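# Understanding the architecture of this molecule
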Amino acid sequence: MHFLVRMVVLLAGLYLVMVLWGLDVRAWQVSAGVAGAVLGFAAQDSLRNLVSAVLLYGDAPLRIGDVIVVDKRLRGRVTDIGWRSTRVLTNDGVEVNLPNALLGTWRIVNESAGPGGAVRLACEFTVEFGRTTEELRAIVLPGVAGLPELRPDLPAELQFRGPTAAGLRFALLVYLADPSRRSQGLDVANTHILRSLRAAGVALAHQGHDVHLGGPLAAGLRAALVPGPKGMS
């Protein structure tokens, strides 16, 4: 943006100098028109990025410091919004430059735009049959408020998501203290769930599969596995 302003000021000053010196500016105007058309064609992408930057500033769907998810593929914190591109710092410490023109077409989820900037995590787990919702709440919920990476002012919640073929599925809902530390928050919450269940003697369910064989294949396997009568070779 600063470069564009300097170019406009420089060209305007050059035009005024030519007028004051009495030079014929008509030929220069024609040349400037042709050059402008050529430069405009060559700078289409830059112009689209510039227009998109103006829209980003005007609509303000994101601001510097916001944690965003771009097109369900990239997640990070906005560090700069320029006239050509927007820079996003991922959780891995990698800074990515995203052209503003593409940001206008991609789906952007701003995780920092909710009430109070709170981002909720759902940590799902499945336990063995025979447990009740009240029993699981009494096991998992105590101690969640004191966990690092999570907001203590927003209470955690344990939801029963229904039975599965393996067991009963639950979800611990917690809120991140820092939206950019999603993986760290998941690690802390899942570790708490595992420790709480083990301390209470509650086993996590696992998916099992029964294999039934029939026909000639089953007969061949039985013949190979079951030894024949003694004395036969």
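All values reported here derive from a predicted model rather than from experimental measurement.

To continue, consider unusual backbone geometry. In this structure, D71 takes a positive phi of about 55° despite not being glycine. Secondary-structure assignment places D71 in the loop between β1 (67–70) and β2 (74–81). Classification of D71 as partly exposed rests on a relative accessible area of 27%.

Another point: the packing of aromatic side chains. Inspection of the entire model under this criterion finds two aromatic pairs. A centroid spacing of 6.0 Å and a plane angle of 20° characterise the contact between F125 and F170, whose relative ring orientation is stacked. Of the two residues, F125 is situated in strand β6 (residues 119–127) and F170 in strand β8 (residues 168–176); the sequence distance between them amounts to 45 residues. Of the two residues examined, F125 and F170, each falls in the buried class. The interplanar angle of 45° and the centroid separation of 5.1 Å between the aromatic rings of F160 and F170 together place this pair among those described as tilted.

We now examine the pattern of salt bridges. Should the charged atoms of two oppositely charged side chains come close, the side chains can pair. Scanning the model with the defined rule gives twelve salt bridges in all. Residues R87 and D80 are paired through a salt bridge, measuring 3.4 Å at the closest nitrogen-oxygen approach. Across the salt bridge formed by E124 and R169, the nearest N and O atoms sit 3.2 Å from each other. One end of the pair, E124, is in strand β6; the other, R169, is in strand β8, and 45 residues separate them in sequence. For R169, a relative accessible area of 26% translates into the label partly exposed. Beyond isolated ion pairs, a larger network of salt bridges with shared partners links R75, E111 and R182.

So, about the sheet that holds strand β7 (residues 157–163). Across the sheet, three strands lie side by side as β6-β8-β7; this open sheet has antiparallel pairing. In the strand order of this sheet, the two ends are held by β6 and β7, each with one partner. For this sheet, the mean angle separating the axes of adjacent strands, direction not counted, is 25°. The pairing of β7 with β8 spans six bridges and is classified as antiparallel. Paired with L158 across the two strands is L172, which belongs to β8. Sheet contacts for helix α6 (residues 182–200): β6 and β8; angle to β6, the most-contacted strand, approximately 35°.

One open sheet accounts for five strands, arranged β4-β3-β2-β1-β5; its pairing is antiparallel. Edge positions in the sheet fall to β4 (95–99) and β5 (108–110), since each of these pairs with one other strand and no more. Recorded for the sheet is a direction-independent mean angle of 40° between the axes of neighbouring strands. The pairing of β1 with β5 spans three bridges and is classified as antiparallel. Note that in β5 the partner of I68 across the bridge is N110.

Quick notes on the rules
- Residues numbered from 1 in each chain as written.
- Predicted model: local features only at pLDDT ≥ 70, side-chain atom pairs only at ≥ 80, totals over all residues.
- Heavy atoms only, no water.
- Helix = DSSP H or I, 4+ residues; strand = E, 2+ residues; numbered from the N terminus.
- Buried < 20%, exposed > 50% of the residue type's maximum accessible area, 1.4 Å probe, protein only.
- Phe/Tyr/Trp six-rings, centres within 6.5 Å; stacked < 30°, edge-to-face > 60°.
- Salt bridge = Lys/Arg side-chain N within 4 Å of Asp/Glu carboxyl O.
- Pairing = 2+ DSSP bridges.
- Axes fitted to C-alpha atoms, helices over the stretch in contact; angles between N-to-C directions.
- Contact = heavy atoms within 4.5 Å.

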